[in-house]
Amino acid sequence: MPGPAAEARGAAAAAAILQAHRDVNDGAYPETVAINLWGLDAIKTKGESVAMVLHMVGARPVKEGTGRIARYELIPLEDMGGRPRVDCLCNMSGIFRDAFQNVVELLDDLFARAAASDEPDSMNYIRKHARQLRQQGVTTGATARLFSNPAGDYGSMVNERVGAGNWDSSEELGDTWAARNAYSYGKGPERGVARPEVLQTLLGTTERVVQEIDSVEYGLTDIQEYYANTGALVAAAKNARRGKKVGCSIIEAYSKSVEPKELEEVLRLEYRSKLLNPKWAQAMVAQGSGGAYEVSTRMTALLGWGGTVGYKDSFAWDQAADTYVLDPDMAAQLRASNPQAFRNVVGRCLEAAGRGIWQPKQDLLDKLKKMYGEMDDELEGVK
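These notes cover the structure that comes with them. Starting from 1, residues in each chain are numbered consecutively following that chain's sequence as written. Where totals are concerned, whole chains, interfaces and linings use all residues; where local detail is concerned, this predicted model gives features only for residues with pLDDT of at least 70, and gives and counts side-chain atom pairs only at 80 or more. Hydrogens and water are ignored here; the side-chain numbers use all heavy atoms of the structure.

Observations regarding the pairing of strand S4 (residues 87-92)
Rules: A 1.4 Å probe rolled over the protein chains alone gives each residue an accessible area, and that area as a share of the maximum for its type sets the label: buried under 20%, exposed over 50%, partly exposed in between. Only runs of H or I of at least four residues qualify as helices and only runs of E of at least two qualify as strands under DSSP, and these elements are numbered from the N terminus. Pairing between strands requires that DSSP locate at least two bridges from one strand to the other.
Burial within S4 is extensive, with six of its six residues counted as buried. Along S4, one buried face is formed by Asp87, Leu89 and Asn91 and the opposite face, lined by Cys88, Cys90 and Met92, is buried too. Two strands pair when backbone bridges link them, and strand S1 (residues 32-37) and S4 are joined in this way by six bridges, in the parallel orientation. Bridged to Ile35 within S4 is Cys90. Pairing of S4 with strand S5 (residues 146-148), which is carried by two bridges, proceeds in the parallel orientation. For Asn91, the partnering residue across the bridge sits in S5 and is Phe147.

As structure tokens, then:
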């Protein structure tokens, strides 16, 4: 990977991401872009996310006579239209890391050669950052750009912390992500080497995060992994950049368009079309226990996005409470089919209010507290 179609589409998406970034940053290119490399996305798209990395760096696949990709070749600067080589922090899912070792090695080799190129720092941010790392005393691993969890381990643990309510701030969730993803992969012995100093340096220059969505059925608001990885990566970069803004571009693999959308725009659209859509809500609740569970997990994800990237649109919480808690018929159905899920829905509303993500009126807050207490008694068997 990437396949021919994926190479073209990924390059077009990367070019659009860079242009969108420049449009709101006085024409400046980002020094580092963090791109999520997920296994299932890569399989479905034949490697569009890998193609985005290649375009950012300024490289192309070189194939053998059999069609096998032998290496990623640097495109000469004079053929890049006057733009610099943009550094890439590649955050790999466990599936991508384990399934595509050949691609990992090719990318690692590409970054090493880009860092060794005799080009000015102003036109080659990979070289610039590698030189800075060496000046900081990093003797090995200055060109490490492919990070994931420890070898044989999976997940950022951010969703576990959000699910358990065991967190105090966005900064804390970003630190959790960074601690879990500080392991470098590449050629030879580079198989899960802890390089937190390299990761933090790269996060400090990361101005934009890129996430591709491969399914119209499951989006950012549907599963915990998106806020636990994409959202927490944004939080980690903001930590390293001392609170400076970090953009997040979303690319939809299932759409003909490669134009990126900003994270908050996609979140608003998804919440309006799913969780807050009366037809979706009624269809879910009609499914009984399983449908109630789906509603419950999306309420947890809504809180997770608030915790990681500060998503605090009041309409989302207002309408969620109106739809699933304050509507007597809906609440009765949820309570009857899956009381644990209903308690979680009410509990997440209270937690959002307690954390300052949502500001409901006091009478509504009192009603939610009363309902939560009743659900606790019911589940504990207290009469």
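This is not the end of the story, as more comes after the structure.
Notes on a nonpolar patch on the surface
In plain terms, the rule: Like charges are joined within 9 Å and nonpolar side chains (Val, Leu, Ile, Met, Phe, Trp, Tyr) within 5 Å, but only among residues with over 30% relative accessible area and no salt bridge; these make up the patches. Areas reported here follow the Shrake-Rupley algorithm with a probe of radius 1.4 Å; residue values treat only the protein chains shown as occluding. The term salt bridge refers to a pairing of a side-chain nitrogen on Lys or Arg with a carboxyl oxygen on Asp or Glu at a separation within 4 Å.
A cluster of nonpolar side chains, namely Leu40, Ile43 and Ile95, defines an oily patch on the protein surface of about 280 Å² accessible area. The residue Leu40 is located in helix H2 (residues 39-45) in this model. On the basis of relative accessibility, which here comes to 51%, the residue Leu40 falls in the exposed class.

Concerning the side chain of Ser249
Using the following cut-off: Any pair of nitrogen or oxygen atoms within 3.5 Å is treated as a polar contact; in protein, a donor-acceptor pairing is required on top of that, and neighbouring residues in sequence qualify only through side-chain atoms on both sides.
Looking at the element boundaries, Ser249 is found in strand S9 (residues 247-252). Taking relative accessible area as the criterion, Ser249 reaches 1% and is therefore assigned buried. Side chain to side chain, Ser249 and Arg208 meet in a polar contact 2.9 Å long.

Topic: the environment of Asp214
Rules: By definition, residues are in contact when any of their heavy atoms lie within 4.5 Å.
Mapped onto the elements of the fold, Asp214 is located in the loop between strand S8 (206-213) and helix H10 (224-240). With 17 residues separating them along the chain, Asp214 and Glu197 place their C-alpha atoms 32 Å apart. Excluding residues that lie within four positions of it along the chain, Asp214 makes contacts with Leu40, Asp41, Lys44, Ala253 and Tyr254. Side-chain polar atoms of Asp214 contact the backbone nitrogen of Asp41, separated by 3.5 Å.

Quick notes on the pairing of S8
As a reminder, the rule being used: If you view a crossover with the strands going away from you and the path from the first strand over the helix to the second runs clockwise, you call it right-handed.
With eight of its eight residues buried, S8 lies for the most part within the structure. Sheet analysis places S1 next to S8, joined by four bridges and oriented parallel. By the bridge assignment, Ile35 is partnered in S8 with Val210. Sheet topology places S8 next to S9; six bridges connect them, and they run parallel. By the bridge assignment for S9, Arg208 is matched with Gly247. Regarding the hand of the β-α-β motif, the stretch spanning S8, H10 and S9 is right-handed.

Remarks on unusual backbone geometry
In this structure, the amide linkage connecting Met1 to the following residue, Pro2, adopts the cis form with an omega of 5°. Summarising the element assignment, Pro2 is placed in the segment before helix H1 (4-23). Its identity as a non-glycine residue notwithstanding, Lys46 has a phi of 65°, on the positive side. Relative to the helices and strands, Lys46 resides in the loop between H2 and helix H3 (48-57). Lys46 sits in the exposed class, given a relative accessible area of 55%. Here the phi dihedral of Arg242 falls at roughly 55°; this positive angle occurs in a residue that is not glycine. Relative to the elements of secondary structure, Arg242 occurs in the loop between H10 and S9.

Everything listed here is a matter of geometry and, on its own, says nothing about what the molecule does.
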